[in-house]
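# Residue-level structure breakdown
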Amino acid sequence: MSDAGEFVDAALQLEATWQRALTDEARIGSDLQFYGASVGAVRGTIRAVALRYPGLGHDEIAALASELWSVPVYERRLGAVVLLQTHVRLLDNSDLTRLEGFLREARSPALADPLIVDVIVPLFEALDGASRARANVAVQRWSLASNPWLRQAARHLVRLA
C-alpha cells in the first residue's frame, strides 16, 4: 500500500465508531464493510492528503483512487469518490474504464450516485473532439449494460451528447 493509501486507511479507522458502522450498514444496506467514520471525517482525510502529499498529479490520483477502491470498505470507497471529485479537472477519457469498474463494484447508490453526478458527468462535459467521440462509444455500451449504475450514468450522459 502507498504512503497516502496507508494514511487514508489509518485516519478513517481512527475516526470510526462501531455505533456509526452499525448505523451506516443498516442505512446503506450494502454488503460492503464499514469502519464507522463520518462523511465529514472522510472529506477531512482527503483534504489532509492534499496537504500531506502536495503535487499529486493525474497518475497518482488515479492510483490512489484505485487503491482505496480495491478494498470493499464503504469509507475507503467514499474516500476514492471524494478524491476524484476534488481532482476531476485532472481526469480525461482514459479514466472512463476505471470509473466503469468503480460503478460495476459500487454496491450502493450512496457511492454510485456521487460518482456519476460529481465525477463522470463533469469529466464528460470537459471532453471534446476525439476524446468526446471515444467517450460516446463507452456511453453507448453503458446504456445496454446489465449494471443499473452504468445505465444510470448513460442516461445522464446521453443528455449531454
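Structural notes, computed from the coordinates. (Residues numbered from 1 in each chain as written. Predicted model: local features only at pLDDT ≥ 70, side-chain atom pairs only at ≥ 80, totals over all residues. Heavy atoms only, no water.)

Going through the model one piece at a time under the given rule, you end up with seven salt bridges. Two residues, D95 and R98, come together in a salt bridge whose shortest N-O distance is 3.1 Å. What makes R98 partly exposed here is its relative accessible area of 27%. Ionic pairing is found between E100 and R141, a salt bridge with its closest N-O pair at 2.3 Å. On the criterion of sequence distance, the pair formed by E100 in helix α6 (residues 96-104) and R141 in helix α8 (residues 129-143) is long-range, its members being 41 residues apart. For E100, a relative accessible area of 9% puts it in the buried group. (Salt bridge = Lys/Arg side-chain N within 4 Å of Asp/Glu carboxyl O. Buried < 20%, exposed > 50% of the residue type's maximum accessible area, 1.4 Å probe, protein only. Helix = DSSP H or I, 4+ residues; strand = E, 2+ residues; numbered from the N terminus.)

Closest axis-to-axis distance for the helix α1 (residues 3-14)/helix α3 (residues 39-52) pair is 10 Å, and the angle between their directions is 145°. Our pair here, α1 against α3, has a crossing hand that is right-handed. Together, F7, V8, A11 and L12 of α1 and A41, V42, T45, I46, A48, V49 and R52 of α3 make up the contact between the two elements. Here the contact of α1 with α3 is built from residues that sort into nine nonpolar, one polar and one charged. (Axes fitted to C-alpha atoms, helices over the stretch in contact; angles between N-to-C directions. Left-handed = near helix turned anticlockwise from the far one by under 90°. Contact = heavy atoms within 4.5 Å. Nonpolar A, V, L, I, M, F, W, Y, C, P; charged D, E, K, R; others polar.)

Time to look at unusual backbone geometry. One non-glycine residue, R107, adopts positive backbone phi at about 65°. You can see R107 is positioned in the loop between α6 and α7 (109-126). Exposure remark for R107: the relative accessible area of 37% places this residue in the partly exposed category.

Within α6 the residues assigned to the buried category are L96, L99, E100, F102 and L103. Down the axis of α6, the buried side of the element spans an arc of 160°, and every buried residue falls inside it. Check the buried side of α6 and you find it contacts α4 (58-69), α5 (74-86), α7, α8 and α9 (148-158). (Arc of directions from axis to C-beta.)

Our focus in this paragraph is the packing of α6 against α9. At a minimum axis distance of 8 Å, the contact between α6 and α9 shows a crossing angle of 130°. In this view, α6 runs oblique relative to α9, as classed from their interaxial angle. Between α6 and α9, the contacting residues are E100, L103 and R104 on the first element and W149, L150 and A153 on the second. For the contact of α6 with α9, the class distribution of residues is four nonpolar, no polar and two charged. (Parallel < 35°, antiparallel > 145°, perpendicular 65-115°, else oblique.)

Another point: the side chain of E100. Within the local environment of E100, its side chain forms a polar contact with the side chain of R104, the two groups lying 2.8 Å apart. For E100, the contacting residues outside a window of four places in its chain are R141, W142 and L150. (Polar contact = N/O pair within 3.5 Å; in protein donor to acceptor, adjacent residues only side chain to side chain.)

Moving on to helix α2 (residues 18-28). Buried within α2 we find A21, D24 and I28. Considered in projection along α2, the buried side chains sweep an arc of 70° and stay on one side of the axis. α2 presents W18, A26 and R27 as exposed residues on the side facing more than 90 degrees away from its buried surface. Against the buried residues of α2 lie α5 and α7. Trailing α2 by a residue or two, G29 shows a phi angle of about 65°, which is positive.

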